[in-house]
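Each chain, letter by letter, is given below.
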Amino acid sequence: MRSVHAFRHAACLAAAVAVLPAAAFAQAWPTKQAIKAIVPLPPATTTDSIGRLVMEEVSKQIGQAIVVENRPGASTTLGTNQVAKAEPDGYTLAVVSSSLTVTPQTFANLPFNTETDLAPVAILANMANVLVVNAARPYKSPKDLVDEARKNPGKLNYASVGPGSAVHLTAERFRLSAGFQAVHVPFKGTAEALTEVIADRIDFTHMPILSVVPFVQDGKLRALAVSTAKRAAALPNVPSSEELGYKDSSYDLWIGVMLPGKTPPAIVERLHAECMKALDKPELAKKLAELGVDQMRLSPAEFGALIKREIASNAVVVKAAGLKPN
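If you're wondering where the values come from, they're calculated on a predicted model, not measured in any experiment.

About the criteria used
- Residues numbered from 1 in each chain as written.
- Predicted model: local features only at pLDDT ≥ 70, side-chain atom pairs only at ≥ 80, totals over all residues.
- Heavy atoms only, no water.
- Pairing = 2+ DSSP bridges.
- Helix = DSSP H or I, 4+ residues; strand = E, 2+ residues; numbered from the N terminus.
- Right-handed = clockwise from strand over helix to strand, strands pointing away.
- Axes fitted to C-alpha atoms, helices over the stretch in contact; angles between N-to-C directions.
- Contact = heavy atoms within 4.5 Å.
- Buried < 20%, exposed > 50% of the residue type's maximum accessible area, 1.4 Å probe, protein only.
- Core = buried A, V, L, I, M, F, W, Y, C linked by side-chain atoms within 4.5 Å.
- Parallel < 35°, antiparallel > 145°, perpendicular 65-115°, else oblique.
- Left-handed = near helix turned anticlockwise from the far one by under 90°.
- Nonpolar A, V, L, I, M, F, W, Y, C, P; charged D, E, K, R; others polar.

Focus on the pairing of strand S7 (residues 183–186)
For a regular strand, side chains alternate in direction, first toward one face of the sheet and then toward the other. Of the strand pairs in this sheet, strand S6 (residues 157–160) and S7 are connected by four bridges, and their pairing is parallel. Along S7, the bridge assignment pairs Ser160 with Pro186. The parallel pair S6 and S7 is bridged by helix H6 (residues 166–178), and the resulting crossover is right-handed.

Brief notes about the sheet that holds strand S1 (residues 34–39)
Strand order in the open sheet formed by five strands is S2-S1-S3-S10-S4, with mixed pairing between adjacent strands. Of all the strands in the sheet, just strand S2 (65–70) and strand S4 (118–127) have a single pairing partner and so form its edges. The sheet shows a mean angle of 25 degrees between the axes of neighbouring strands, direction not considered. As judged from the four bridges shared by strand S3 (residues 92–97) and strand S10 (residues 253–260), these two strands associate in the antiparallel manner. Note on S10: the bridge partner recorded for Ser97 is Ile255. Across the sheet, helix H3 (residues 77–84) lies against S1, S3, S4 and S10, angled at about 145 degrees from S3, the strand it touches most.

A few points about unusual backbone geometry
Of note, Ala74 is a non-glycine position whose phi angle comes to about 50 degrees, a positive value. Its place among the elements puts Ala74 in the loop between S2 and H3. With phi around 70 degrees, Asp200 is a residue other than glycine that occupies positive phi space. Turning to its location among the elements, Asp200 is positioned in the loop between helix H7 (190–198) and strand S8 (204–208). A residue is classified by how much of its surface remains accessible, and Asp200, at 36% relative accessible area, is partly exposed.

Points about the sheet that holds strand S5 (residues 129–134)
Across the sheet, five strands lie side by side as S7-S6-S8-S5-S9; this open sheet has mixed pairing. Of all strands in the sheet, those with a lone pairing partner are S7 and strand S9 (221–226), marking the two edges. Neighbouring strand axes in the sheet, compared pairwise and without regard to direction, differ in orientation by 30 degrees on average. In the packing of helix H5 (residues 142–151) onto the sheet, the strands contacted are S5, S8 and S9, and the crossing angle to S9 comes to about 95 degrees. Running over the sheet, H6 touches S5, S6, S7 and S8 and is turned about 130 degrees from S8.

What to know about the nonpolar core
If you look at the biggest cluster of nonpolar residues, it comprises 60 residues, and the most contacted ones within it are Ile50, Val54, Met55, Val58, Leu93, Leu271 and Cys275. No other element matches the seven residues that helix H9 (residues 265–279) contributes to this core. Excluding its chain neighbours within four sequence positions, the residues that come into contact with Ile50 are Leu124, Ala125, Met127, Ile255, Leu288 and Val293. Ile38, Val83, Phe107 and Met258 belong to the second-largest nonpolar core, a separate cluster that totals 18 residues.

Description of the packing of H7 against helix H8 (residues 209–217)
Relative to each other, H7 and H8 sit at 30 degrees, their axes nearing to 11 Å. Put simply, H7 runs roughly parallel to H8. Relative to H8, the crossing made by H7 is right-handed. Residues Thr190, Leu194 and Ile198 of H7 form the contact with H8, whose participating residues are Ser211, Val212 and Phe215. Its residues assigned to classes, the contact of H7 with H8 comprises four nonpolar, two polar and no charged.

See below:
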């Protein structure tokens, strides 16, 4: 009997000792001079702006510098791949957007596995893409736009920030739901695309709420609908496309933090907690609300499940839209 108890005691002790290094490592983290936060998009984009705001607060909380580096290229896959291939020690992270769940379908040879090579940490923000038109156009509602497009198949055009981007997929979801044809015109960035809509050379676009609100307020653009399932706090009078009966047209533009896939779970949880703590700070919460950001509080496991669902959902949209992998 004693030998059985002794064996159990030894087994428990061994298990505890095996867990200690990871726990101790997470407790000690961070100890290096700086943490690198890679944004796979250019400076001043929505993802970059929100990432910098939150990382600044996290840096203060942990008493460690967080250096934000912009590594744009190849539809965000260049910078994201750097994080996927980085040492899983908690010192290299990515600030990404929901475009992450689109690239598995739009890249034939993606250099990383989105579901295994990256560890979901936290969602920092959730916001709508907004269906906007030139304010001088006669369209007062999405129905007006859809009716015109149906009467003249292929006559209307719409802007995106590139084939397979989150903005492109938002427009495709709406177009497929509403059942009309339109010509896709990709641009290099949000500013260029919106300039063309304001100049009345592009009929409509779906762009992040942060980018369009100033132009809506100035009377240059008219907001017809938001892509989120519910109305956005920054545009309370603008209905959601789902609310108007366009089934399966909703799309959440989230911005989140990822670590390399094999990062110890204790470090993932610690960084998640620090991100949530930062988002709870009144000053930061106020800034984000002013930018049109809504909260989406998910645990790392829930975040991972969301990514998996979105990859499957986007695969259906990409196929229906006839998009070809790069």
